[in-house]
Amino acid sequence: MDFRLTPAEETFREEFRKWLNQTLPGDWDPFNQPTFKEPEKIRDTYRAFQKKLSEAGYAGIHYDKAYGGQGRSLMEGVIVSQEMGRRCISVVMPGVITHGMALPLIYFCGTEDQKKKFIPKILDGSHLWCQGFSEPDAGSDVANISTMAVRDGDNYIVNGQKVWTSMAHFADYCLLVVRTDPDSRKHKGLSYLLVDMSLPGIDPRPMTQITGEAEFNEVFFDNVRVPVSSLIGEEGQGWKMAITTLMFERAMGDVVISAAYETNVEKLIRMAATTKNSGQPVIEDPVYRQQIAQSYIEIMALKYHGLRNFSSHIKTGIPGPEGSIGKLLWSEPNQRITETAMDMQGPAGQIAGGPWSVQNGSWQYAFLRSKGNTIEAGTSEIQRNIIGERVLGLPKDASRDKSAS
Amino acid sequence: MDFRLTPAEETFREEFRKWLNQTLPGDWDPFNQPTFKEPEKIRDTYRAFQKKLSEAGYAGIHYDKAYGGQGRSLMEGVIVSQEMGRRCISVVMPGVITHGMALPLIYFCGTEDQKKKFIPKILDGSHLWCQGFSEPDAGSDVANISTMAVRDGDNYIVNGQKVWTSMAHFADYCLLVVRTDPDSRKHKGLSYLLVDMSLPGIDPRPMTQITGEAEFNEVFFDNVRVPVSSLIGEEGQGWKMAITTLMFERAMGDVVISAAYETNVEKLIRMAATTKNSGQPVIEDPVYRQQIAQSYIEIMALKYHGLRNFSSHIKTGIPGPEGSIGKLLWSEPNQRITETAMDMQGPAGQIAGGPWSVQNGSWQYAFLRSKGNTIEAGTSEIQRNIIGERVLGLPKDASRDKSAS
Amino acid sequence: MDITLSKTQQNIAQEARRFLKKECPSEYVQKMFKDPQGMTDDLWRKMAEMDWMAMRIPENYGGMGMEQIDMSLLLEEMGRVVLPGPFFSTVILAGETILAAGTDTQKRQYLSAIADGKAKATLALHEPDGGSDLGYIDMSGTRNGEDFILNGTKLYVPDAHLADFIVVPVRTGTTGEPADTISLFVMSAREKGVTISPLPTMDGTRKLSAVICRDVQLTKASILGELNKGWHPLMHALQRAQVGLCAEAVGGAQKAMEIASDYAKVRVQYDQPIGSFQAVKHMCAQMFTETESSRSMLYWASWAQDFGAENEATIAASSAKAYCTDAFTNVAAKGIQVLGGTGFTMENEMHLYLKRAKANQAALGTPVYHRERIMQLLASAVQ
Amino acid sequence: MDITLSKTQQNIAQEARRFLKKECPSEYVQKMFKDPQGMTDDLWRKMAEMDWMAMRIPENYGGMGMEQIDMSLLLEEMGRVVLPGPFFSTVILAGETILAAGTDTQKRQYLSAIADGKAKATLALHEPDGGSDLGYIDMSGTRNGEDFILNGTKLYVPDAHLADFIVVPVRTGTTGEPADTISLFVMSAREKGVTISPLPTMDGTRKLSAVICRDVQLTKASILGELNKGWHPLMHALQRAQVGLCAEAVGGAQKAMEIASDYAKVRVQYDQPIGSFQAVKHMCAQMFTETESSRSMLYWASWAQDFGAENEATIAASSAKAYCTDAFTNVAAKGIQVLGGTGFTMENEMHLYLKRAKANQAALGTPVYHRERIMQLLASAVQ
């Protein structure tokens with residue numbers, strides 16, 4: 001067991017860190033960047049950054065050179081992800097679906113044509129992807145997915161409605177989950193299509209979320225003609241394909257998030273040192289010291305959980321049982337950390353920006369945004385069902401079992 | 001709205017408080033008294049105290065004089081309960097079933113003979129009662145109660161097994177829940193019998209609980225012949241009768257418990273003032289000050305919840321919606337309070353008694369005992385089901401619904 | 001002892017609920033959330049016609065002389081709809097301070113104007129670096145002949161942008177305890193040297209401003225009550241305001257809980273209402289438990305302000321402030337969780353509850369502040 | 001980077017599990033819980049034959065020179081069965097302190113005896129009024145010619161009643177920082193003037209005693225390493241001991257979680273296994289989550305003791321101590337809740353886990369103590 005990087009990896013990290021420092025502006029605050037309130041700005045910032053990354057030879061670290069990747073090790077991929085998480089969270093954010101889902105899915109399951117077509121454009125920042133999964137009646141219950149893709153010659157005719165589609169209003173492509181077999185139930189009969197968002201009949205409508213920005217969309221598909229060549233993998237295998245492919249990227253996701261949150265805890269400490277209560281820096285208050293330390297501890301748990309999971313994945317090719325808990329380990333601690341930050345501000349907690357706000361109101365944003373953490377990407381309740389049933393082998397509750405099988 | 005007692009009630013409280021002070025030893029610590037480790041001692045202490053209470057005219061305050069009560073107001077009943085909770089919790093404890101369940105059930109539902117026979121003996125401390133409810137397969141699920149009482153001439157023949165019967169090993173009588181209709185399911189067909197614990201065929205076996213004492217028992221009933229005159233109310237009406245009768249006493253229970261816990265918080269503060277960490281009294285540590293204050297706040301919530309519920313019960317005859325939450329408001333806070341007390345002791349938290357223990361190890365006992373609070377008298381999970389379904393009108397889950405109806 | 005509502009009290013609540021349901025529906029609140037003023041004159045006028053501004057003001061100043069508990073019942077209903085606008089700042093913050101500290105003449109002048117809805121007002125309390133410390137008052141009031149010159153900055157002042165006059169606690173004594181050094185001034189919001197700058201708030205239903213005084217010259221007559229004796233009346237008024245926030249919290253929690261459990265009855269997943277799943281059901285049950293017990297705390301604290309001993313009034317206000325605002329925050333957060341994605345949109349009204357909850361928790365002393373205050377009282381009582 | 005177990009390490013765990021399942025079943029632990037000695041010589045001898053006492057001791061002192069992580073894997077298995085007896089006190093507390101502080105001669109003498117199972121030992125650390133403060137050392141060591149006279153009281157000393165020798169941190173310098181005033185003595189448990197009084201413990205599987213020294217006369221040779229230089233090695237040893245408690249916590253939490261989820265599969269209520277109800281299922285899932293993440297913390301902290309920088313070793317030990325022992329306490333408490341009444345009986349083994357969890361949380365610095373320690377390191381790093 002060794003938590004260290006090799007000397008070569010350390011050098012690589014140093015190089016990349018140096019490059020990042022040179023590339024990012026001097027006053028760069030990873031947690032206070034353009035948000036989805038400014039969709040063009042965040043997209044442009046992402047694209048410009050991804051382009052620089054690509055030009056500098058840091059895009060697609062562990063992907064094949066044939067498709068524009070760097071052909072380096074998985075560990076080096078992790079190093080780049082960590083450093084990016086640490087320094088540029090809100091710029092990396094628009095690329096989460098693109099790099100965490102579209103890229104690996106196309107890479108591992110796509111045809112040679114699909115790989116050639118899409119991967120280089122992802123890596124050089126030209127294409128941003130969104131993912132069409134949830135539907136109004138299929139939130140936690142995937143059995144209800146009803147967006148249909150009906151074969152018509154060389155096309156699928158897609159009809160239906162997606163919801164909670166992050167960034168659909170400015171993404172170039174969509175990784176769309178559709179039902180290709182109308183008689184199927186549950187995960188069977190689901191397929192993935194790689195859909196050009198400029199096709200006629202696609203209508204994304206941004207939804208304003210409680211932070212005041214529009215990150216998510218309802219997306220309506222009205223007789224959209226999607227070429228059959230957009231199908232990835234086989235019909236009806238979409239779900240299985242996704243599960244097996246995305247495990248590794250999910251472990252990577254925990255690593256990125258923990259790196260970002262580590263920066264966030266540093267920011268929290270800096271805030272405590274400069275914010276005052278009764279004339280004294282809050283950092284001197286033993287009550288908040290406990291809370292800050294607890295925040296740090298919980299992020300360390302996420303970090304080493306993520307690294308351990310990642311490590312056993314590299315070694316054995318399969319994620320350990322610890323893999324399923326990552327979502328719980330970042331979503332709930334992040335809610336506690338932002339609550340702590342708000343509470344430490346006292347009455348200033350009410351102020352969301354402007355000259356008298358603390359750290360430019362970024363914690364008010366983070367506090368509100370964190371409430372989505374236990375809902376998005378599978379609610380905490382669904383995560384606990386999964387752990388209880390798939391990991392611990394507890395029985396499904398009789399009613400859900402009946403309805404779902 | 002008025003939280004005050006009337007002057008007459010205040011005088012009554014003062015008188016009773018004075019009597020208590022004279023009657024209890026000078027160094028009386030309500031939380032450090034004989035436990036169920038010494039069953040004879042706790043029973044004898046209870047009996048002696050109840051006898052004194054009776055002789056002084058304080059037993060059965062709000063019960064009819066015809067049966068040995070005092071014929072005073074419900075409020076005066078509450079006053080006595082509060083003061084007893086405040087001063088003598090572990091002596092009152094063995095009487096919880098006797099006074100909180102057996103007494104009101106017999107009083108409101110018993111025949112004149114039953115009232116004449118039992119109530120005076122309860123009030124003068126001669127009889128201690130236990131209650132036979134839970135069974136090995138009927139923990140949270142009452143539908144499974146299977147102890148049978150089969151009519152045979154002037155007797156019921158009782159067969160079955162009860163479990164978690166508090167004090168069965170030294171109680172004189174048992175309020176026994178039996179199924180008188182063998183074809184019945186659920187709450188229908190359940191009846192209450194007033195059973196003399198000295199009858200042949202009754203075998204209580206004490207179970208040692210995690211505190212090391214034996215408060216609870218398994219009780220085996222092997223062809224016990226119980227006279228038909230022991231039936232209280234009508235056959236099959238046991239459950240309904242209990243629900244309607246015991247509401248008031250449950251509100252009273254919350255009031256007693258909050259009074260006791262208020263004393264407990266005082267004790268906690270005294271502990272904090274005398275226990276040291278790094279040479280300084282723990283009470284000076286802002287971290288623990290927060291926890292102590294939170295304990296106080298939570299007990300106040302219980303107290304005023306209990307009084308409010310009690311008050312609307314007196315005024316309207318029916319408990320308000322707030323009635324169903326009392327169990328949650330004392331069980332979970334008590335677990336937090338005892339955790340706080342343990343944590344404040346640092347390494348001394350490991351010591352359960354003797355010269356180097358804190359407050360004679362009473363918090364170690366309380367910590368362990370508190371773990372039963374969220375299980376006994378309906379688990380927290382069952383309480384939340386009840387609130388969700390009966391108060392908020394949320395649907396039963398399909399599987400439980402199916403099995404239970 | 002009678003901890004139930006009288007018929008009159010039940011009527012206050014019922015009337016308020018009926019009025020607010022009609023006059024302050026969710027769409028109105030959502031609109032005001034984004035509106036820079038935050039309330040329409042029309043609603044203010046109608047509320048005044050309901051005599052709501054007059055409830056706590058004594059009859060001899062044109063009010064109805066009602067108790068804190070009556071006001072709590074009204075505020076509960078206001079919290080239920082997350083009422084936007086300057087009612088709280090005018091009637092509770094400014095009104096209660098003037099009631100506690102003012103001379104007869106001052107009460108006649110200011111309270112009558114509040115009572116009939118003619119004046120809007122606020123209290124400018126918090127200062128930079130003070131955090132939750134309600135006694136951190138650094139704004140200086142320097143004598144200049146018969147006048148006083150005020151200099152300093154007040155922050156997070158509710159609805160100052162709408163106020164006609166502002167009550168300002170100022171340090172006029174140079175040394176010694178707050179009890180001997182704080183004076184309460186009442187000044188016009190348009191006084192020379194006063195700058196009012198709206199601050200971006202998370203809770204758009206309660207606008208806050210910075211109020212900066214640069215050489216603001218006020219006469220002696222602007223002092224509420226006695227010079228240097230503003231501390232105790234201020235604390236008494238703040239206690240009532242803390243209880244007021246609790247009332248809002250209870251009303252808000254109640255409604256958030258109802259929205260969530262109503263949703264849980266109709267939202268279907270896995271072929272059944274999500275409320276049939278224990279995870280959701282138990283969240284709703286917990287919301288109910290916290291709301292109901294908050295209400296008990298609120299009643300106690302409200303009653304204690306009028307009839308309790310001084311210590312009880314203080315400890316009850318602090319206990320309720322910590323408990324009820326914590327509970328409201330938990331309940332609103334659970335509300336979002338029960339609603340899932342729907343609860344995470346601005347379109348749904350749940351966000352209003354979360355934001356108000358967090359604001360009420362932060363205002364007038366955080367739970368941490370109040371727990372420390374409770375501990376001071378408890379420790380001195382036991383030792 | 002490789003955060004997986006090597007084949008050898010997997011073997012350590014598997015062998016230990018097999019051995020302990022056979023030699024230390026639940027009935028044995030329940031018996032020892034009530035036994036005044038708390039362990040049988042037979043088990044001690046068999047454990048020595050497994051070479052467990054020798055694992056961390058360098059080869060030149062008769063040991064195997066293995067890493068902290070190897071020991072953690074063993075302790076995890078010991079925690080899994082709530083192993084009673086003086087292994088932790090002997091091998092971890094005394095052993096690691098001697099390893100960190102002792103001279104070559106002392107190591108040869110004491111570590112060899114520990115390694116082959118001949119000696120039992122402990123560390124007497126805590127003192128009255130010190131609470132969790134590991135640096136609160138008031139026992140005095142006064143010079144008397146070439147000797148030292150020890151006076152003072154040590155509390156909560158694990159398994160002192162079985163110890164052959166005891167390591168005692170003593171204040172020998174009169175002024176200055178702990179780094180220049182603390183000496184570590186090693187003394188026979190039967191030394192004149194030493195009184196060992198067993199204390200009633202909540203966790204019967206780890207007996208504690210008071211160790212009182214009244215004019216105990218020790219030679220200079222009893223000082224481990226250098227006079228007045230005991231603080232740093234003591235802290236290093238304690239960090240390893242803290243990690244040791246984490247390992248026990250992870251093993252204990254793992255088993256408690258397994259017991260609960262196994263029970264949830266077979267206990268039927270409402271005609272179905274209670275594990276099918278979300279309330280129970282989610283409790284089990286939470287237990288799993290806390291256990292697995294504790295394990296990740298444990299691996300990090302274990303590794304950092306041998307290979308991390310000094311700061312990382314400290315912050316990792318404190319982070320793990322707070323996290324893992326809190327988690328174990330939560331998991332064991334939830335375990336009782338899942339088992340219901342059954343879990344509340346002494347007959348069921350769950351109580352062993354709750355009591356050990358609470359003891360591990362209290363020992364060698366509470367979570368509150370460790371969080372403050374972490375904060376000191378973090379604040380100085382950021383500022």
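Cut-offs and rules
- Residues numbered from 1 in each chain as written.
- Chains lettered and ligands numbered in written order.
- Predicted model: local features only at pLDDT ≥ 70, side-chain atom pairs only at ≥ 80, totals over all residues.
- Heavy atoms only, no water.
- Contact = heavy atoms within 4.5 Å.
- Buried area = accessible area lost by both parts, 1.4 Å probe.
- Salt bridge = Lys/Arg side-chain N within 4 Å of Asp/Glu carboxyl O.
- Polar contact = N/O pair within 3.5 Å; in protein donor to acceptor, adjacent residues only side chain to side chain.
- Helix = DSSP H or I, 4+ residues; strand = E, 2+ residues; numbered from the N terminus.
- Core = buried A, V, L, I, M, F, W, Y, C linked by side-chain atoms within 4.5 Å.
- Buried < 20%, exposed > 50% of the residue type's maximum accessible area, 1.4 Å probe, protein only.
- Domains from an automatic or database assignment.
- Phe/Tyr/Trp six-rings, centres within 6.5 Å; stacked < 30°, edge-to-face > 60°.
- Lys NZ or Arg CZ within 6 Å of the ring centre and 35° of its normal.

A. How the structure looks around the interface of chain A and chain D. Residue-level contacts link 49 residues of chain A with 48 residues of chain D. Where chain A abuts chain D, roughly 4,600 Å² becomes buried across the two surfaces, and 67% of that area is made up of carbon and sulfur atoms. By the criterion of area lost to chain D, the three top residues of chain A are Met1(A), Phe3(A) and Arg308(A), representing 18% of everything that side buries. The interface formed by chain A and chain D includes four salt bridges. Salt-bridge contacts for Arg289(A) lead to Glu372(D); the nearest nitrogen and oxygen are separated by 3.0 Å. Inspection of the region where chain A meets chain D yields 19 residue pairs in polar contact (both at pLDDT 80 or more). Among the secondary structure elements, those contributing two or more residues to the side of chain A that touches chain D are helix H7 (238-274), helix H8 (286-316), helix H9 (326-344), helix H11 (380-391) and helix H12 (398-404) of chain A. No other element matches H8(A), which puts 16 residues into the side of chain A that touches chain D.

B. Looking closely at the nonpolar core. Grouped together as the largest cluster of nonpolar side chains are 195 residues, with contacts concentrated most on Met47(C), Trp52(C), Leu83(C), Phe87(C) and Trp300(C). Among the elements that make up this core, the one with the highest residue count is helix H7 (residues 231-266) of chain C (18 residues). Every residue in contact with Trp52(C), bar those within four places of it in the chain, is listed here: Ala16(C), Phe19(C), Leu20(C), Met47(C), Met71(C), Leu74(C), Met78(C) and Phe87(C). Met344(A), Ala48(D), Met202(D) and Met350(D) belong to the second largest nonpolar core, which has 193 residues in total.

C. Spotlight on the pattern of salt bridges. One pass over the full model with this rule turns up 102 salt bridges over all chains. As a salt-bridge pair, Glu83(B) and Arg17(B) come within 2.9 Å of each other at their nearest N and O atoms. Of the two residues, Glu83(B) is situated in helix H3 (residues 74-92) and Arg17(B) in helix H1 (residues 7-23); the sequence distance between them amounts to 66 residues. Since its relative accessible area comes to 0%, Glu83(B) is described here as buried. Glu96(C) serves as the salt-bridge partner of Arg56(C), at 2.7 Å between the closest nitrogen and oxygen.

D. Quick look at the domain arrangement of chain A. Residues and elements named next belong to chain A. Each assigned domain of chain A is listed here: domain 1 (7-127), domain 2 (131-236) and domain 3 (240-404). Measuring from the centre of the C-alpha atoms in domain 1 to the corresponding centre in domain 2 gives 25 Å. With 20 residues of domain 1 in contact, the opposing surface of domain 2 contributes 19 residues. The largest contributions to the domain 1 side of the interface with domain 2 come from Phe36, Leu105 and Gln114, which together make up 33% of the buried area.

E. Region of the structure containing unusual backbone geometry. At Ala377(A), a position not held by glycine, the phi torsion is positive, near 55°. For Ala377(A), a relative accessible area of 64% corresponds to the exposed category. Of note in this structure, Tyr270(D) is not a glycine but carries a positive phi near 55°. Topologically, Tyr270(D) is positioned in the loop between strand S8 (268-269) and strand S9 (272-273).

F. Expanded view of the interface of chain C and chain A. Counting residues at the interface gives 47 residues for chain C and 49 residues for chain A. Buried surface at the junction of chain C and chain A, both sides included, amounts to about 4,000 Å², of which 65% is carbon and sulfur. Residue Lys358(C) pairs with Asp343(A) through a salt bridge whose shortest N-O separation is 3.1 Å. Counting across the chain C and chain A interface gives 16 residue pairs in polar contact (both at pLDDT 80 or more). Elements represented by at least two residues in the side of chain C that touches chain A include exactly strand S3 (147-158), strand S7 (208-219), helix H8 (278-307), helix H9 (310-339) and helix H10 (350-362) of chain C. Considering every element that reaches the side of chain C that touches chain A, the biggest residue donor is H10(C), with seven residues.

G. Expanded view of the packing of aromatic side chains. Scanning all chains against the criterion turns up 46 aromatic pairs over all chains. Look at Tyr270(C) and Phe277(C): their rings are 6.0 Å apart centre to centre, the planes differ by 85°, and that puts the pair in the edge-to-face class. Residue classification places Tyr270(C) among the buried residues on the basis of a relative accessible area of 12%. In this structure Phe277(C) comes out as buried when scored by relative accessible area, which is 8%. A connected cluster of aromatic rings, assembled from ring pairs, spans Phe3(A), Tyr304(A), Trp300(D), Trp303(D) and Phe307(D). For the cation-ring pair, Lys267(B) lies above Trp363(B), with the distance from its terminal atom to the ring centre recorded as 5.4 Å.

H. Spatial organisation of the domain arrangement of chain C. All names here are of chain C. For chain C, the domain assignment lists domain 1 (7-119), domain 2 (123-228) and domain 3 (232-382). One C-alpha centre belongs to domain 1, the other to domain 2, and the line joining them spans 23 Å. Contact residues are listed per partner, giving 27 residues for domain 1 and 21 residues for domain 2. Carbon and sulfur atoms make up 66% of the surface buried where domain 1 meets domain 2, a total of about 1,900 Å² over both sides. The tally of links between domain 1 and domain 2 comes to zero salt bridges. Linking domain 1 to domain 2 there are eight residue pairs in polar contact (both at pLDDT 80 or more). Sorting the residues of the side of domain 1 that touches domain 2 by element identifies helix H2 (26-34), helix H5 (87-101) and helix H6 (104-115) as the ones contributing at least two each.

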